[in-house]
Amino acid sequence: MFTLNHIQDPKNTKDYLEISNSDQSCYAKIELSLGGSLQELSLQNKTIISSKYTKPYNESYASAILFPFSNRVELGKYNFDNEVFQLEQNEKGKHNALHGLVYNKSFEVVKQEISDTEASVSIIYNESRPGKGFPFMYAITLDYVLTKNELQLHVTVKNTDNVAFPFSLGWHPYFYSSDIYNSMLTLDSDQKILVSDSMIPISEERISWHAPRKIQNQYFDDCFVLNNSLIKFKTPEYHLEFKFSTTKKYLQIYTPENRKTIAIEPQTAVANSFNSKKGLQVLQPNDSYNLNWKINIE
């Protein structure tokens, strides 16, 4: 039987959910006060995601939902519908806007269900007082579903405003491995995005990545254009498949300096899409956009 507990401690600003099954072989921790992010995940007694191996959340953005823009907006400035907007430049040194606007918002629980085989929870953030850099109202709902072998994250974004707005969507999970050097990553890509010193895309490079690749000492902070939506990550502890349902298939890969984790970040657009329009979408009033990500281990 699965259990789902809501832990609240206003004195220590704690507000999170814990989900597990009866033998504790699978476990998830969702931080409601950190943008509804998945801070811990174990499947079949294997540590998949853990905040113990990342920098503090305000530096790593570990498992953050990236909306209304994924990655960066150059200097935080963009033009939409013949109007210029200025976002907060929250990337130190590069002066870009980084990782969207919901990563530090507080989500509320709206639904939860448990059974012998799974647990699910729906959480929501309603933006009713938008800032000048993105002066639009929206609601974003995260539906987490945990089973013994799998975690699904279904995202629904609804435009609750009376005007359209631009957007992209991404996720920023870091996956743990006891041996990154000998871990292997498989994806299907023919293109890599080349960037400037400030990490803004400037061109594309033809590549060939169609087979498993050992990470070894390689350093990644790169975006790839994918041919399909299946990623495989193989570590000494587990073999993982990462799937996502989207027609816009971009993947950012980042290896932190401590070599304990690798960030595998699906995105519906490239960095700076608010300016380049590459992968950018527009959501009309009262319309919704849905996306599903799924992690399972063999």
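See the structure printed just above.
Residues numbered from 1 in each chain as written. Predicted model: local features only at pLDDT ≥ 70, side-chain atom pairs only at ≥ 80, totals over all residues. Heavy atoms only, no water.

Asks: Break down the nonpolar core for me, citing the residues and quoting the values.
Replies: In this structure, Leu41, Ile140, Phe175, Phe233 and Trp293 are the most contacted members of the largest nonpolar core, which totals 70 residues. With sequence-adjacent residues up to four places away left out, Trp293 is seen in contact with Ile65, Leu151, Gln152, Leu153, Val155, Leu169, Gly170, Trp171, Phe242, Lys243, Phe244 and Pro266. In this structure, Tyr57, Tyr61, Ala64 and Leu98 belong to the second largest nonpolar core, which totals six residues. (Core = buried A, V, L, I, M, F, W, Y, C linked by side-chain atoms within 4.5 Å. Buried < 20%, exposed > 50% of the residue type's maximum accessible area, 1.4 Å probe, protein only. Contact = heavy atoms within 4.5 Å.)

Asks: Give a detailed account of the layout of surface pockets, specifying residues and quantitative values.
Replies: Roughly 780 Å³ of volume is contained in the largest pocket. For the largest pocket, the lining is made up of 28 residues, of which Glu59, Tyr61, Arg72, Leu98 and Tyr254 are closest to its centre. Elements that contribute at least two residues to the lining of the largest pocket include exactly helix 1 (57-60), strand 25 (250-254) and strand 26 (261-267). With three residues, helix 1 is the single largest residue contributor to the lining of the largest pocket. Among the residues forming the lining of the largest pocket, the class breakdown is nine nonpolar, ten polar and nine charged. Taken as a whole, the second largest pocket holds about 380 Å³ of empty space. Leu87, Glu88, Leu101, Lys105 and Gly131 are the residues nearest the centre of the second largest pocket, which is lined by 24 residues in total. When residues of the lining of the second largest pocket are traced back to their parent elements, those giving at least two are strand 10 (97-98) and strand 12 (119-127). (1 Å grid on protein atoms, 1.4 Å probe; cavity = no way out; pocket = protein on both sides within 12 Å on 5 of 7 lines; lining within 4 Å. Points joined across faces, edges and corners; volume = space filled by probe spheres on them. Helix = DSSP H or I, 4+ residues; strand = E, 2+ residues; numbered from the N terminus. Nonpolar A, V, L, I, M, F, W, Y, C, P; charged D, E, K, R; others polar.)

Asks: Which residues make up the sheet that holds strand 12, and what are the values?
Replies: Strand order in the open sheet formed by nine strands is 11-12-13-14-28-24-23-18-21, with antiparallel pairing between adjacent strands. Looking at the sheet topology across the chains shown, the edges are occupied by strand 11 (108-114) and strand 21 (213-214). Two strands pair when backbone bridges link them, and strand 14 (residues 150-159) and strand 28 (residues 288-297) are joined in this way by nine bridges, in the antiparallel orientation. Pairing of Glu150 across the sheet is with Asn296, part of strand 28. (Pairing = 2+ DSSP bridges.)

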